[in-house]
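So the chains spell out like this:
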Amino acid sequence: MFRIFITIVRIFAWMLRRDRLRHKCLKLEKQGKTEETDKILMEVVPAWARFICKITGTTVVVNGLEKLPKDSAVVFIANHQGYMDIPAIYGYVPKFISFVSKKEIGSIPLIGDWMRFLHCTLMDRKSPRASVQAIHDAAENVKRGYSQVIFPEGTRSKGGPHREFKAGSFKLAFLSESPIVPVTIENTYKVFEEKKTVVKGNTVILTIHDPIETKGLDRDRQNELVPLIEKTVCKKLEESEKSLN
C-alpha cells in the first residue's frame, strides 16, 4: 500500500513540475490556438505515460504498429484489464488519442485541464440523454482528427475472464465512419490490480490488429462487426493463456 501511495505522489509531482505547460495551454486555449496546444500535448502526454511505466517497472511491447493508418484518425477498440491500459497506449502508440470518461474524473485537480486539452469527452452515466450526446461529441472529435480509445467491456476485468463487449460502445466508430483498430492488451492488471496493495512491475503487451473500415456500412454489417472484433481481441488473450499452461 505504501508503494502505491508513493507512486501516486510521484505521478502528481511530475505533473506539478510541468504545471507551467498547463498554464501555457490554458492561455493558448483562450486564444483558440488548438494546433499549438496539440503540439504540446503530443510531447507531454507520451512522456507522462512513459514516466508512469518507468516508476512502476513496466515494460511495454507493441506488436503491429505498422498496421496503424498514418493519415487518418481511428477508433481503438480494446479489452480493459487495468489502470495501466491508458499509460501503455498513450506512451507507446503514436497517435493523438482522446477517450470518453465518466465526468467525475474531470473534476480531479490537474487532470481535468489535461483531459480537456486532449479533447476527451466527459460522460454523465446517470443521464441517458447526456450519454448519447457524449458519444456524438466524441464522434465529431474523431472527424476532426483525434483518435479515440474505447473499452467496450465497460469496466476493468482485473485479470479475470473478459466481459462481453457492449454493442453500444461501437456507435462512436460507426457515427464517425472512421477505421476501427482492434487492440489486445495483456498483463496490465498485474501492475496494480493483481496484488491490490503492491505495485508489481511486469511486461505489458499491446497487439494491434488489422484496421476495419466502417464507412458506408449498413446496420446489419455493423451488428456483425461487434462479435467479430470481440473475437479478434480476445482470441489473442486465449492464445497467450494456453501458451503459459
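Scroll up to find the structure.
Here is what the cut-offs are and how they apply
- Once a new chain begins, its residue numbering starts again from 1 and follows that chain's sequence as written.
- Restriction of local features to residues with pLDDT of at least 70 applies here, the model being predicted, together with a cutoff of 80 or more for giving and counting side-chain atom pairs; totals for whole chains, interfaces and linings are based on all residues.
- Here the side-chain values reflect all heavy atoms present in the structure, with hydrogen atoms and water set aside.
- DSSP bridges decide pairing: two strands pair if at least two such bridges lie between them.
- Helical segments are the DSSP runs of H or I of at least four residues, strand segments are the runs of E of at least two, and each set is numbered from the N terminus.
- Here the term patch refers to residues with relative accessible area over 30% and no salt bridge, with like charges joined within 9 Å and nonpolar side chains (Val, Leu, Ile, Met, Phe, Trp, Tyr) within 5 Å.
- Note on areas: Shrake-Rupley with a 1.4 Å probe; residue coverage comes only from the protein chains shown.
- A side-chain nitrogen of Lys or Arg and a carboxyl oxygen of Asp or Glu constitute a salt bridge if their distance falls within 4 Å.
- Note on charges: Lys and Arg go in the positive column, Asp and Glu in the negative column, and His and the chain ends are not counted at all.
- Every charge is mapped onto a representative atom, which is NZ of Lys, CZ of Arg, CG of Asp or CD of Glu.
- A contact between two residues is defined here by any heavy atoms of the two lying within 4.5 Å.
- The aromatic pairing rule takes the rings of Phe, Tyr and Trp, using the six-membered ring of Trp, and pairs them if the centres are within 6.5 Å, calling planes under 30 degrees apart stacked, those over 60 edge-to-face and the rest tilted.
- In this scheme, a residue with accessible area under 20% of its type's maximum is buried, one over 50% is exposed, and one in between is partly exposed, where area comes from a 1.4 Å probe on protein chains only.
- Placement of a charge over a ring requires the Lys NZ or Arg CZ to be within 6 Å of the ring centre, with the centre-to-atom vector within 35 degrees of the ring normal.

(A) Seen up close, the pairing of strand β3 (residues 97-102). With 3 bridges connecting them, β3 and strand β5 (residues 147-150) associate as parallel partners. Within β5, the position partnered with Ile97 by the bridge is Ser147. Sheet topology places β3 next to strand β4 (residues 121-123); 3 bridges connect them, and they run parallel. Its bridge partner being in β4, Val100 is matched across the sheet by Thr121.

(B) A positive patch on the surface, seen in detail. Taken together, the side chains of Arg3, Arg10, Arg17 and Lys54 define a basic patch exposed on the protein surface. If you tally residues by element for the positive patch, the top one is helix α1 (residues 2-17), at 3 residues. Among the secondary structure elements, Arg17 is positioned in helix α1.

(C) Here's a closer look at the side chain of Thr7. Its location among the elements puts Thr7 in helix α1. Excluding residues within four positions of it along the chain, Thr7 makes contact with Ile55, Thr56, Phe192 and Val199.

(D) Geometry of the packing of aromatic side chains. All told, the structure shown has 6 aromatic pairs when counted by the stated rule. Here Trp114 and Phe117 contribute two aromatic rings whose centre-to-centre distance is 5.5 Å and whose plane-to-plane angle is 90°, an arrangement assigned as edge-to-face. Taken together, the positions of Trp114 and Phe117, both in helix α5 (residues 111-117) and 3 residues apart, correspond to about one turn of that helix. On the basis of relative accessibility, which here comes to 10%, the residue Trp114 falls in the buried class. Residue Phe117 is classed as buried on the basis of its relative accessible area of 3%. The ring centre of Tyr92 lies 5.3 Å from the NZ or CZ of Arg50, which sits over that ring. One cation-aromatic arrangement involves Arg156 over Tyr83; the distance from NZ or CZ to the ring centre is 4.0 Å.

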